[in-house]
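Residue strings, one per chain:
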Amino acid sequence: MHDKDGEIIFLGKTKDIKKRVNQHFTNVGKLARKLQKETKRVTYETTGSELIAILKAYLEQKKNKPRYNHVSNKKLFTHTIDFSQNGTEHIVLEVEKNKSLEPKKMAFNGTQAAKSFLNKISDEFELCPSSLGTNVPNSHQKPLGINALDCNEKVLSAFDRYSIQNKNMALIDRGRETGERSFILIKNGELQGFGYVELNYQINNIHILESIMTPIRSDENTTFIVETYLRKNNRLKTIPLTP
């Protein structure tokens, strides 16, 4: 939403642009009244992909700092889970209050989100109780004869399934129109950009994707956004790439 000088005063994302704009112009809240008074023009961009829309909204708000968006330079996450061994026999997955996304860690917004993820991977990968510390009281019982190596392999399989760290891959989603697909390019575990290709286009060459993508600046928040989306949505197709 732009004011009389063309400055962006509010920026958001939605699946239904007409419905969302109408809500802003018919609501009676404090923000709605300000937008109704000051908005002179509305522009929008179709992405086709919800994840691209989330990333673009975050980056554009950070760049433009619209007057009525509460843009913060703080991290979007508050806690992490450490998947590293840390000198012990077993990898023990503990939820930590942490605003730094270091290697072998995954980020979460709140302890409940982190513990819910531990419950999810405990069931999905049948993790050993010794791997879960005190976070998942009803975890799978350790089968007789299983050793620390087996338990750790399950933990690392879960990390590999849901983390983008050190990976080269493309995330494939719907495009903006029929016959088109969107892609998000990740190289060495960092977000590189996004783009669109025809439905029958072979997405297997990282250098070609780099030449047609729109670059995106990667940071810990974009990693958090992508990994959070992958944890909650199994609809995206992932294609491993060779650099």
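Here, every reference points to the structure presented above.
What you see is a predicted model; the values in this text were computed from it and never measured. (Residues numbered from 1 in each chain as written. Predicted model: local features only at pLDDT ≥ 70, side-chain atom pairs only at ≥ 80, totals over all residues. Heavy atoms only, no water.)

Chemist: Lay out the sheet that holds strand β4 (residues 169-174) with the relevant residues and their values.
Modeler: On the basis of which strands lie adjacent, the open sheet formed by 5 strands has the order β7-β6-β5-β4-β8 and antiparallel pairing. For this open sheet the edge positions go to β7 (214-215) and β8 (237-240), each flanked by a neighbour on one side alone. When strand β6 (residues 190-198) meets β7, the two strands line up antiparallel, connected through 2 bridges. The partner of Phe 194 across the bridge, within β7, is Thr 214. (Pairing = 2+ DSSP bridges. Helix = DSSP H or I, 4+ residues; strand = E, 2+ residues; numbered from the N terminus.)

Chemist: An account of the sheet that holds strand β3 (residues 105-108) is needed here, citing residue identities and associated values.
Modeler: Reading across from one edge, β2-β1-β3 is the order of the 3 strands in this open sheet, with antiparallel pairing throughout. Taken across any chain shown, the strands that pair with only one partner, and hence form the sheet edges, are β2 (95-97) and β3. Strand-to-strand, the axes of this sheet are offset by a mean angle of 35 degrees, without reference to chain direction. Bridging between strand β1 (residues 79-82) and β2 involves 3 bridges; their strand directions are antiparallel. If you follow Thr 80 over to β2, its bridge partner there is Glu 96. (Axes fitted to C-alpha atoms, helices over the stretch in contact; angles between N-to-C directions.)

Chemist: I'd like a rundown of the environment of Met 169, residues and numbers included.
Modeler: Structurally, Met 169 is set in strand β4. In this structure Met 169 comes out as buried when scored by relative accessible area, which is 7%. If we ignore the near neighbours within four places in the chain, the residues touching Met 169 are Ile 164, Ile 184, Leu 185, Ile 186, Thr 238, Ile 239, Pro 240 and Leu 241. (Buried < 20%, exposed > 50% of the residue type's maximum accessible area, 1.4 Å probe, protein only. Contact = heavy atoms within 4.5 Å.)

Chemist: Report on the pairing of strand β5 (residues 180-187), specifying residues and quantitative values.
Modeler: Burial analysis of β5 places 7 of its 8 residues in the buried class, which makes it a mostly covered element. When β4 meets β5, the two strands line up antiparallel, connected through 6 bridges. Residue pairing in the sheet places Arg 174 in a bridge with Arg 181 of β5. Linking β4 to β5, which pair antiparallel, is a turn of 5 residues; within it Gly 179 sits at a positive phi near 85 degrees. Bridge analysis of β5 against β6 gives 8 bridges, and the strand direction is antiparallel. Residue pairing for β6: Arg 181 is matched across the bridge by Val 197. Where β5 hands over to β6, the hairpin turn is made up of 2 residues, of which Asn 188 adopts a positive phi near 50 degrees.

Chemist: Quick one: what's the story with the packing of aromatic side chains, residue by residue and with numbers?
Modeler: Inspection of the entire model under this criterion finds 5 aromatic pairs. Ring centres 5.0 Å apart and planes at 45 degrees place the aromatic pair Phe 83 and Phe 159 in the tilted group. Pair noted here: Phe 83 is in the loop between β1 and β2 and Phe 159 is in helix α5 (residues 148-162), with a separation of 76 residues, a long-range link. For Phe 159, a relative accessible area of 6% puts it in the buried group. Aromatic side chains Phe 194 and Tyr 196 sit 6.1 Å apart centroid to centroid with 85 degrees between the ring planes, which places their arrangement in the edge-to-face category. Under the relative-accessibility criterion, Phe 194 is labelled buried at 6%. Members of the aromatic cluster, joined through ring pairs, are Phe 108, Phe 117 and Tyr 162. Between the NZ or CZ atom of Arg 161 and the centre of the ring of Tyr 162, over which it lies, the distance is 4.5 Å. Lying across the ring of Phe 117, Arg 231 places its NZ or CZ 5.4 Å from the centre. (Phe/Tyr/Trp six-rings, centres within 6.5 Å; stacked < 30°, edge-to-face > 60°. Lys NZ or Arg CZ within 6 Å of the ring centre and 35° of its normal.)

Chemist: Explain helix α7 (residues 220-232) residue by residue, including any values.
Modeler: Across its 13 residues, α7 extends 18 Å between first and last C-alpha, which sits within 8% of the 18 Å expected from 1.5 Å per residue. Across the 13 residues that make up α7, a large majority, 11, are buried. Taken as a whole, α7 has its buried residues at Asn 221, Thr 222, Thr 223, Phe 224, Ile 225, Val 226, Glu 227, Thr 228, Tyr 229, Leu 230 and Arg 231. With a side-chain oxygen positioned 2.9 Å from the backbone nitrogen of Asn 221, the residue opening α7 is Asp 219. (Expected span 1.5 Å × (residues − 1). Polar contact = N/O pair within 3.5 Å; in protein donor to acceptor, adjacent residues only side chain to side chain.)

Chemist: An account of unusual backbone geometry is needed here, citing residue identities and associated values.
Modeler: Phi at Lys 65 is positive, roughly 45 degrees, even though this residue is not glycine. Using a relative accessible area of 49% as the deciding quantity, one classes Lys 65 as partly exposed. Even without being a glycine, Asn 86 presents a positive backbone phi close to 55 degrees. Residue position: Asn 86 is located in the loop between β1 and β2. On the basis of relative accessible area, Asn 86 is assigned to the exposed category, the value being 58%.

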